[in-house]
Amino acid sequence: MVLLCTFSLPLLLTCLAGTLASEREQGRTSEETTPYGPSSVEISGVNTVTVEVPYGFQCSANCFPACTFTWTRGGLTTQGPELNLQLKEQVPPQVLICMAINPTTGKSVTVSKTVNVTAGPSNIKITGPDTLSSGVTSNFSCSADCYPSCSYTWTISSDAQSTVTTKYGQTISVTPNSWEIAEELICEAQDTVSLLYISTYVTPYVAHGPVDISITGASSVTLGDTYNFVCFVDCTPSCNFTWTFNGKTFNGDEIQLPIFHKGHKPVISSKLVVTVDEYRHNEALTCEAKNVASGVTAVSTKILSVTDPISVQPVSQDKPLAHQPFSLQCVGSQNPASILWLKNGLPIAVSGRISLSPNNITMSFSPLLQSDGGLYQCIVSQGGAAIKGVGYQLNVNYGPLQAVIIQSGKGPVGKVLYLLPGSKTALQCSALCYPTCTYTWIYKGRLAEMNASFSLTPETTMDGGPLSCVAYNSVTNDNSTANTSVVLIGEQQLDCIIKKIFLFRH
């Protein structure tokens, strides 16, 4: 028997009642007619329905004899295992309830399913690259939620050619020409049953450049002054700019570039100390343009002739030696109004040992000490802004001082170095000196090693004897010697000596 139920808007609901028993069930023996169920009750069907599209839902259960089914949605109740649903307008999510009842035992089981309702295709989106490259093929895909399926239509617009192209399918390929700036891609998704549609679009740029990059600005610059440089480039959609000068980086397409001093943090209105031997030299100013879309880069370099009229120089070619006279001179100034001397960025206080000439051009050390090492600069004022000259790094040559022999893991050795026969001992020679000293080891009157490190393994008491380390500075032509005597003893004697040394020190 079939029961047809019809309801008014907002839905058209049809339900069918199943036969009470199948032919196979009618042929069961008496042993097979024991009632059971319902169990494994479930509703099958889609999770989302579209307005105006018909759908079917099935309610099933394990049951003997065959269960009867009652459907409930809101205040509507129908009978039968199948529910046909066709909504006429957009409504909130619908809860479908199915009750399976064993007609013999009267037992029942109820299950439910929540169905979302959409008025047509939804959740449309286009996936593909954000930018295109001329002459390179790129793929774009369109997707949307449709039931049972969607058809897709693409419209491709080119601003450069004022043309419109139509393509079909979920995925398309696009190959822009070199003269194009952007492509507009429109995707329309249409439900194949309801014929409702939805659309979206993307506008990927066609990356171009950077090309024709150049730098404008002065080619000859003077330390202490500020100059404007501009970087021009042909670039689509746009470029980011990075400037490099003397290892320092600036961002932007137009900059005011102070000439700072190398090795110092940039300070507004300060200068760049260029570590050179001459007053005039060349430096590279570089502009790098990077396309924000494609990542392609282009570089332009401008060679600047940099001049610093002021610098600090030694008065003589003699090397600066500790405990010897030494003088520095501020050169390049013409009739300076004043000269200020700096050491490591701080003003220098004169004393009986450090003096200035009457016009402050020359600074003299009498004598020069190891502590005088540092960066010396002079700031000259001559009718305008103060100019800080190129600095001079003063490295004082001294030593060697305090030569000492150090036993690995134990520290400095004394006048006697007690060792066990057959033991390997690592030694290190050290001294205070600039530049670094060279070291020579002499063992028992013979040259043993020319290195800061030395190791020995005496076997018998006959292998003991005097050991010396000589530190030599090739600039100061001075040397310093550390001496000890190697004595081989037994373990008991060594323990006794160590205890006496410990008691003596404590």
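Residues numbered from 1 in each chain as written. Predicted model: local features only at pLDDT ≥ 70, side-chain atom pairs only at ≥ 80, totals over all residues. Heavy atoms only, no water.

- Looking at an unreviewed UniProt entry, the protein carries the name Ig-like domain-containing protein, with the source organism given as Oncorhynchus tshawytscha.

### Regarding the environment of V404
Point 1. Tracing the sequence through the fold places V404 in strand β35 (residues 398-407).
Point 2. Considered as a pair, V404 and S430 are 26 residues apart in the sequence and their alpha carbons are 5.5 Å apart.
Point 3. Apart from the residues within four sequence positions on either side, V404 is in contact with P412, Q428, C429, S430 and A482. (Helix = DSSP H or I, 4+ residues; strand = E, 2+ residues; numbered from the N terminus. Contact = heavy atoms within 4.5 Å.)

### Section: the sheet that holds strand β37 (residues 416-419)
Point 1. As summarised here, the arrangement of the five strands in space is β37-β43-β42-β39-β40, forming an open sheet in which the pairing is mixed. The open sheet is flanked by β37 and β40 (446-449), the only strands paired with a single partner. Sheet twist, expressed as the mean angle between neighbouring strand axes with direction ignored, is 30°.
Point 2. Here six bridges tie strand β39 (residues 438-443) to strand β42 (residues 465-473), and the two strands are oriented antiparallel to one another. Looking across to β42, one finds that Y439 is bridged to A471. (Pairing = 2+ DSSP bridges. Axes fitted to C-alpha atoms, helices over the stretch in contact; angles between N-to-C directions.)

### Let's talk about the pairing of strand β28 (residues 338-343)
Point 1. Pairing analysis gives six bridges linking β28 to strand β32 (residues 374-381), with the strands arranged antiparallel. Each bridged residue has a counterpart across the sheet, and for L342 the counterpart in β32 is Q377.
Point 2. Taken together, the two bridges between β28 and strand β29 (residues 346-347) define a ladder with antiparallel strand orientation. Along β29, the bridge assignment pairs L342 with P347.
Point 3. Here β28 folds back onto β29, and the loop between the two strands holds two residues, one of which, N344, carries a positive phi near 55°.

### Some remarks on a nonpolar patch on the surface
Point 1. A surface patch of nonpolar side chains, about 310 Å² in accessible area, is lined by I442, L447 and M450.
Point 2. Here L447 is to be found in strand β40.
Point 3. The class of L447 is exposed, set by a relative accessible area of 56%. (Patch = residues over 30% accessible without salt bridge, like charges linked within 9 Å, V, L, I, M, F, W, Y side chains within 5 Å. Areas by Shrake-Rupley, 256 points an atom, 1.4 Å probe, with all protein chains shown as cover. Salt bridge = Lys/Arg side-chain N within 4 Å of Asp/Glu carboxyl O. Buried < 20%, exposed > 50% of the residue type's maximum accessible area, 1.4 Å probe, protein only.)

### Description of the state of the cysteines
Point 1. Counting across every chain of the model gives eight disulfides.
Point 2. The disulfide bridge from C59 ends at C98, spanning 1.9 Å between sulfur atoms. Given an S-S torsion of about -95°, the disulfide between C59 and C98 has left-handed geometry. Of this pair, C59 sits in strand β4 (residues 55-64) while C98 sits in strand β8 (residues 94-101), placing them 39 residues apart in sequence.
Point 3. A sulfur-sulfur separation of 1.3 Å characterises the disulfide bridge that pairs C146 with C150. (Disulfide = S-S within 2.5 Å.)

### Section: the nonpolar core
Point 1. Of all hydrophobic cores here, the largest spans 23 residues; its most connected members are I43, V49, F57, C59, W71 and C98.
Point 2. Counting only elements with at least two residues in this core, the list comes to β2 (36-44), β4, β5 (68-73), β7 (82-87), β8 and β9 (108-118).
Point 3. By residue number, the principal contributor to this core is β4, which donates four residues.
Point 4. Setting aside residues no more than four positions away along its own chain, C59 makes contact with V41, E42, I43, F69, W71, P81 and C98.
Point 5. By size, the runner-up hydrophobic cluster in this structure holds 22 residues, among which are L419, Y439, F454 and L456. (Core = buried A, V, L, I, M, F, W, Y, C linked by side-chain atoms within 4.5 Å.)

### Some details on the environment of T436
Point 1. Structurally, T436 is set in the loop between β38 (425-434) and β39.
Point 2. Of the residues examined, T436 reaches a relative accessible area of 70% and is grouped as exposed.
Point 3. In sequence terms T436 and Y398 are 38 residues apart; their C-alpha atoms lie 9.7 Å from each other.

### Some remarks on the sheet that holds strand β26 (residues 311-314)
Point 1. Across the sheet, which stays open at both edges, the four strands sit in the order β26-β27-β31-β30 with antiparallel pairing between neighbours. At either end of the open sheet lies a strand with only one pairing partner, and these are β26 and β30 (354-356). When strand polarity is set aside, the average angle formed by the axes of neighbouring strands in this sheet is 20°.
Point 2. As paired elements, β30 and strand β31 (residues 362-365) share three bridges and run antiparallel to each other. By the bridge assignment for β31, S355 is matched with S364.

### Things to note about the confidence of the model for the protein
Point 1. Residues with a pLDDT of 70 or more make up 82% of the protein, whose mean pLDDT is 81.
Point 2. Averaged pLDDT values over the elements of the protein bottom out at 37 in strand β1 (residues 11-16) and peak at 96 in β8.
Point 3. Counting interchain partners and residues more than four positions distant, the pLDDT-below-50 stretch residues 1-31 has 61 contacts.
Point 4. Taken as a whole, residues 258-280 scores under 50 in pLDDT and shows 70 contacts with residues more than four places along the chain or in a different chain. (pLDDT = per-residue confidence, 0-100.)

### With respect to the environment of V331
Point 1. Relative to the helices and strands, V331 resides in strand β27 (residues 326-331).
Point 2. A C-alpha to C-alpha distance of 9.9 Å links V331 and V315, two positions 16 residues apart in sequence.

### So, the pattern of salt bridges
Point 1. Overall, the coordinates contain one salt bridge when judged by the stated rule.
Point 2. Across the pair D372 and R353 runs a salt bridge whose closest N-O atoms are separated by 2.6 Å. You can see D372 sitting in the loop between β31 and β32 and its partner R353 sitting in the loop between β29 and β30, a full 19 residues away along the chain.
Point 3. D372 sits in the buried class, given a relative accessible area of 4%.
Point 4. Among the residues examined, R353 registers a relative accessible area of 21% and is labelled partly exposed.

### Points about the pairing of β5
Point 1. As judged from the five bridges shared by β5 and β8, these two strands associate in the antiparallel manner. Across the sheet, W71 pairs through a bridge with C98, a residue of β8.
Point 2. In terms of strand pairing, β5 meets strand β6 (residues 76-79) through four bridges, oriented antiparallel. Looking across to β6, one finds that T72 is bridged to T77.
Point 3. From the end of β5 to the start of β6, which pair antiparallel, there are two residues, and G74 there has a positive phi angle of about 65°.

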